[in-house]
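Here is what each chain is made of, one letter per residue.
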Amino acid sequence: MKKYLLILLFLSIFILGAFLRLYKLGEAPKGLYIDEAGQGYSAYSLIKTGGKDEFGKFLPIIFRSFNDFKTPVYIYLIVPLIPLFDLTPFTVRFPSFLFSILTFPLLFILVYRLSSEKIRLPLSFIATLLLAISPWHILFGRTNFECNVALFFYLMGIYFFYEALTRPKLFILSSIFFGISFSAYHSQRIITPLTIAFLFYLFRLQLLNKKNIPILLASILLGLLIVYPTLSIASTPGFLSRASNLNIFSHSNSLPAGYIENLNSPLSIFANNPIYLTTKEFLSLYFHYLTPRSMFNLGDYGPRSSFPSLATFFIWQFPFYILGLFRIFKSQDLGSLKPLIIFLLFITPIPAALTRDPYTTIRALPLVIPQLIIISLGLIYTYNLLPKIYKRVSLIIFVLVAIHSSLNVYSSAIVLNDFFRAKEWDYGLEEVAKVISSHKDIPIIVDSSRDDYYIQLLFFLKYDPAKYQQENFEVPLSQYYTNLYHNPTKKIGNIITRNIFWEKDLSVDQILVGDELAISKEQIENHKLYLIKEVFYPDLSTAFRVVRTNPEYENYQKLQKLNSQTRL
Amino acid sequence: MKFLKEITFSNVQFLLLSTAAISFWPLNFYLTNNLKDTLIFITPSVIFLISYSLISKNISISKSLVLTLPFINPNLLLVPFLFYTIIFFISKNKIVSIFLISVSLIVISLNYSNFYKQTIFPISNDDLQNTLRKIYLYEDIYIARLFQNKLSIILDKFYFNFFALVDINNYFFNFHPREIVGENQNLPKFPFIFIIPFLISFINISKIKNWKIIIAFLLAAILNLSILKKFDHVDFLLFIPLTILILHGFKIVFSKRRLVKIPLLILMFLFTVFEYLYLFAKFQNL
């Protein structure tokens, strides 16, 4: 009976977590961000052109996209979904959802496996429940971000490593999953090798046992084989572009944080010393991932990696986080979990702290695991301290708080996010694509002075990738990973994405598409343009305007101007 | 003083590091503001220091010194009440605590109307309009009211202040990388490298003598500061308890094996020198 109750409890948690991620998947957030569309269209191109991306590269190791060279795993995961669900926002966000919910049972069995017998059951359940309602994990389970998939494979690698300590053949599986996680996201390129080194050091005596060495060597070779394609391009500008642009050690484009400008004094050698400033910068960014202010109040500063009015953790979890921290460092009865959680707590923020952006939750997603487990430990510790008479009441309160938190996620992630952040998710382009798709006989210029909208147009128009490859040239395929040139002009049939040149473009009968800055009301009025469609954000501000030029009026104006100049 | 003997060694290195820890925040404050403000805002910290020192000598009546804080700075009106309430739960002498709580309540009642204007409790029209706007976005009015109401306006401000005050980046990196824009000077308070002894000390806080008094005062101070509209400058009150934690951290570092102690000490000395030179360079440049 008790076993069935436990299964029922787990299923309830699973269904809750799945619902919070599946409800309006593809519709909320409203819009489709450029990176999401890019990954979706790359997958679409792979399936339509026999394995070539939109640039014509066959089975890329990393995807060029907008010269940000995306990791490949997520894109290849989208490929088999396109025949099932077609090319839609739902399709491109589905792998995130799937691997997000698969992380629940994985976390459960990992915590259960590693914890001491005294706490394994409550800790597993609480940690899984907290993950199911975690705003941090939910956000990346509802949107197209590679980090969620990478986290799943990373945890699989850790789980099978521990299982392999008693069944050595499972080292093969651990190696495979670690290898996939390495290729799945940029952060894992740092934390996966560090984790392997840590686990190896922790269990070195057992691993270097003569019986285990052959399987260990085979696992290492297999892992290297999986990561070899990624490593083979590790020195190319394409592979390094992301790291070199964002890392705090690169001062080619910006001075170190805290640099005192115009300091003409001998103190400058010390005050503006790059090692001192960079060390300080790194530590400030690093501790920013561990400080309660980021976790419980501010959250991620990026509008697409946070929900309005909601941080990465709920405020009520704060006191349990502090208690849990004491518990994890002081307790001796936590089993194998303690060293792993302490390691993850300190190591997982490192890749994110090496970049300039403060508290980027996408790069530090693995940190959610140790922090949730620490909070869970705090909860259990508090529960154990309570007198018996209050224990049942505290359970009821906990359930009510969990329900309130779930409603809070709905409030922020669905209601407020759609209203306040639609612009950040490039809302409106689907409607623009519908409008311009009915004008196939006239040239269309889509302004790209502020943003590259071509990829969303390709996505929503489901434009033939083979045709796109023929119409557009970026770089020779032999320079796919090395040449960082980006062609700002794209051709999609009768559509061209480039800057609008008002002098020239108004004299030609064509359609212009742009945001409110590109095509203002004054310009429509002054040039007597025909407004075909105005697309609005949910807050009723203008997202895009689709207008048709009036060359007759424009030419007449030019003639008038010429005549008046001649008279003078 | 006795409490210093608890953590002071006949060790020049320790004295130098301690001096660096004790001087940094007051020096920074003085250089950024003026002598008068420095004296006004440092006085409550000195009061706590005297009180704590005397408590360490088992002169428990010295707890009553905390009652003087609201008279030095009216923004600290609730500190005595909160402090004595927490002490009530941990102290054996409940009668003294009840007496002190009663006196602090009288002090509050005499000065509350002025204090209220400095707090986050008055709600502006803009805040109300924003909340109303959000309410209309929900399909279900009950969920709307659950998350958008007057209490949520006050709580948002409270949480903002509270978490800023418990943010370790506040004290060691002047809130960097998320500095508070507008009404905060974002002063560096301790050399950043002292975050190491601070965290070591925090984990081992129960080893500090009268650690419960420190925690009680920190909690009381942080809660009071969190309900202020502007806590900048007033948060100087936290200077002494945090410094005690750092000094205790030094003690733990000094007790480690040479293999651990020496690299840590080298790092601490080196970066402390850089921090002070940076401080002087910055003010020289202004």
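Described in the following lines is the structure provided in the data block. Please read these numbers as outputs of a predicted model, since none were measured by experiment. (Residues numbered from 1 in each chain as written. Chains lettered and ligands numbered in written order. Predicted model: local features only at pLDDT ≥ 70, side-chain atom pairs only at ≥ 80, totals over all residues. Heavy atoms only, no water.)

Let's talk about the overall build of chain B
Each helix and strand counted, chain B has 14 helices and zero strands in total. Listing the helices and strands of chain B from first to last along the sequence gives α-α-α-α-α-α-α-α-α-α-α-α-α-α. For chain B, the C-alpha atoms occupy an extent of roughly 65 × 50 × 40 Å along the three principal directions. Every one of the 286 residues in chain B was classed for burial, and the buried ones make up 51%. Sequence separation of at least 24 residues holds for 71% of the intrachain contacts in chain B that already meet a minimum separation of 6. (Helix = DSSP H or I, 4+ residues; strand = E, 2+ residues; numbered from the N terminus. Buried < 20%, exposed > 50% of the residue type's maximum accessible area, 1.4 Å probe, protein only. Contact = heavy atoms within 4.5 Å.)

A few points about helix α20 (residues 368-385) of chain A
For α20 of chain A, spanning 18 residues, the distance from its first C-alpha to its last is 26 Å, which sits close to the expected 26 Å at 1.5 Å a residue. Of all 18 residues in α20 of chain A, 13 are buried; the element is thus mostly enclosed. (Expected span 1.5 Å × (residues − 1).)

Brief notes about the layout of surface pockets
With a probe scaled to a water molecule rolled over the atoms, the places where space remains empty come into view. As a volume, the second largest pocket reaches approximately 1,100 Å³. In terms of lining, the second largest pocket is formed by 38 residues, of which the most central are S309 and I315 of chain A together with S152, D156 and Y159 of chain B. Elements represented by at least two residues in the lining of the second largest pocket include exactly α16 (292-298) and α21 (388-420) of chain A together with α7 (125-135), α8 (141-147) and α9 (150-165) of chain B. The element contributing the most residues to the lining of the second largest pocket is α9 of chain B, with eight residues. Looking at the lining of the second largest pocket residue by residue, the class counts come to 19 nonpolar, 13 polar and six charged. (1 Å grid on protein atoms, 1.4 Å probe; cavity = no way out; pocket = protein on both sides within 12 Å on 5 of 7 lines; lining within 4 Å. Points joined across faces, edges and corners; volume = space filled by probe spheres on them. Nonpolar A, V, L, I, M, F, W, Y, C, P; charged D, E, K, R; others polar.)

Observations regarding the packing of aromatic side chains
Taken as a whole, this structure holds 87 aromatic pairs over all chains when the rule is applied. When the centroid spacing of 5.6 Å and the interplanar angle of 50° are considered together, the rings of F94 of chain A and F97 of chain A count as tilted. Within this pair, F94 of chain A and its partner F97 of chain A are both found in helix α5 (residues 89-114), separated by three residues, close to a single helical turn. A relative accessible area of 16% places F94 of chain A in the buried class. A relative accessible area of 6% means that F97 of chain A is categorised as buried. Considering the side-chain rings of F162 of chain B and F163 of chain B, the 5.2 Å spacing of their centres and the 85° angle between planes classify their relative orientation as edge-to-face. (Phe/Tyr/Trp six-rings, centres within 6.5 Å; stacked < 30°, edge-to-face > 60°.)

Things to note about the nonpolar core
Soluble, globular proteins show a tendency: their nonpolar side chains are buried together. Ranked by internal contacts, the top residues of the largest apolar core, which has 252 residues, are F194 and F250 of chain B. Per-element accounting of this core gives the leading share, 15 residues, to helix α8 (residues 146-164) of chain A. The contact partners of F250 of chain B, leaving out residues within four places of it in the chain, are F14, L17, S18, A21, F194, P197 and M268 of chain B. One finds I445, I500, I524 and V547 of chain A within the second-largest nonpolar core, a separate group that totals nine residues. (Core = buried A, V, L, I, M, F, W, Y, C linked by side-chain atoms within 4.5 Å.)

Considerations on helix α6 (residues 120-132) of chain A
Residue and element names in this part refer to chain A. For α6, which comprises 13 residues, the first-to-last C-alpha distance of 18 Å matches the rise-based estimate of 18 Å (1.5 Å per residue) to within 8%. Among the 13 residues of α6, ten are classified as buried, and the element is accordingly described as predominantly covered. Inspection of α6 places L123, S124, F125, I126, A127, T128, L129, L130, L131 and A132 among the buried residues, and these make up the whole buried set. Looking at the packing, one finds that the buried side of α6 touches α1 (2-22), α5, α7 (135-142), α18 (337-347), α20 and α21.

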